[in-house]
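# Structural description and commentary
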Amino acid sequence: MAERRKAVRENVEGPFFVDTTCIDCDTCRQLAPATFGETGEFSFVRSQPRDAAQQRAALQALVACPTGSIGASDKSAIPAAVRDFPLPVAPRVYYCGFNSPKSFGGNSYFVEHPAGNWLIDSPRFVEHLARRFAEMGGLRYIFLTHRDDVADAAKYAARFGAARIIHRHELASQPDAEHVVEGSEAVHVAPGFLAIPTPGHTRGHCVLLHREFLFSGDHIWWSRARGRLSASRDVCWYNWPLQVQSVELLRNYDFEWVLPGHGERAHFHAVEMRSQMQRLAAALAAPSQ
Ligand SMILES: [Fe+2]
């Protein structure tokens, strides 16, 4: 629970505040950009919510914050914000919220599917989400893009008897995963769900392509600051030239959404997404990258 006495200095006065337990993961700025900004070290309240929509978005950020670093004077509306999750992103695709500190606040997603529902990376284990997943038909598969974002996957797998899917080279983070992706070739892990190895950020990083949705883990994301798709050498833990190659590889696929672990989501028509991928590849090939 956030504490006023630890409040970040830059917060503007008012009911919402961020305290210095913040890990600057960007979750609140993605959910409520009108309210939260970045000091360079922490998130902070740059403008108090001005209407009901901004107020609800700020409360959703409070709920999703992995470190409980957002405080609000009036807590009466928090239960309603909890009930908003998982938040619809597109038909049958949801953002789970309840980001976990174990994954540095990584985003996770839920996909409703007639052959069994999917979780892509893992949120904190919270009873509310488990109950909602159960109401929506349970969980059959948990796809883990890479070792950093497994969070409470084992608890969700145990609750629902779901199969966790992860690449061999990430297995140390989830040693008892039920399904292991091998090698460097794209493979259908279930009909309509293609795991594409994208080594670079980590050795066994994989993205998941389902219809027009690319669940991109920490391989690529939309950057607000750059106004384009992005990947970063600064958060590449394994092999940067390989990550650049993996971006090139993705240009062989059509998709309309990029749904990342960290960073903003992107949504374009497939033709425009192809040119966005081209821009990214050109940027990564530039000497400054
Ligand atoms: Fe990562």
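As a reminder, the structure under discussion sits directly above these lines.
Attention in this report is confined to the structure presented alongside it. (Residues numbered from 1 in each chain as written. Predicted model: local features only at pLDDT ≥ 70, side-chain atom pairs only at ≥ 80, totals over all residues. Heavy atoms only, no water.)

### Regarding the pattern of salt bridges
Enumeration over the complete set of coordinates arrives at 18 salt bridges. Lys102 is the salt-bridge partner of Asp152, the closest N and O atoms lying 2.4 Å from each other. Of the two residues, Asp152 sits in the loop between strand E9 (141–143) and helix H5 (153–160) while Lys102 sits in the loop between strand E6 (93–95) and strand E7 (109–111), which places them 50 residues apart along the sequence. Among the ionic pairs, Arg164 bridges to Asp176, the shortest N-O distance being 3.1 Å. You can see Arg164 sitting in strand E10 (residues 163–167) and its partner Asp176 sitting in the loop between E10 and strand E11 (179–181), a full 12 residues away along the chain. Overall, Arg164 belongs to the buried group, its relative accessible area being 4%. Salt bridges here are not isolated pairs; linked through shared partners, they connect Asp24, Asp26, Arg29, Glu38, Arg224 and Glu264. (Salt bridge = Lys/Arg side-chain N within 4 Å of Asp/Glu carboxyl O. Helix = DSSP H or I, 4+ residues; strand = E, 2+ residues; numbered from the N terminus. Buried < 20%, exposed > 50% of the residue type's maximum accessible area, 1.4 Å probe, protein only.)

### A look at the sheet that holds E6
Sheet architecture is open: 7 strands sit in the order E5-E6-E7-E8-E9-E10-E11, paired in mixed fashion. Of all the strands in the sheet, the pair left with one neighbour each is strand E5 (87–90) and E11. Geometrically, the sheet is characterised by an average inter-axis angle of 25° between neighbouring strands, direction not taken into account. Examined bridge by bridge, E9 and E10 share 3 bridges and lie parallel to one another. Looking at E10, one finds that Phe143 is bridged to Ile165. (Pairing = 2+ DSSP bridges. Axes fitted to C-alpha atoms, helices over the stretch in contact; angles between N-to-C directions.)

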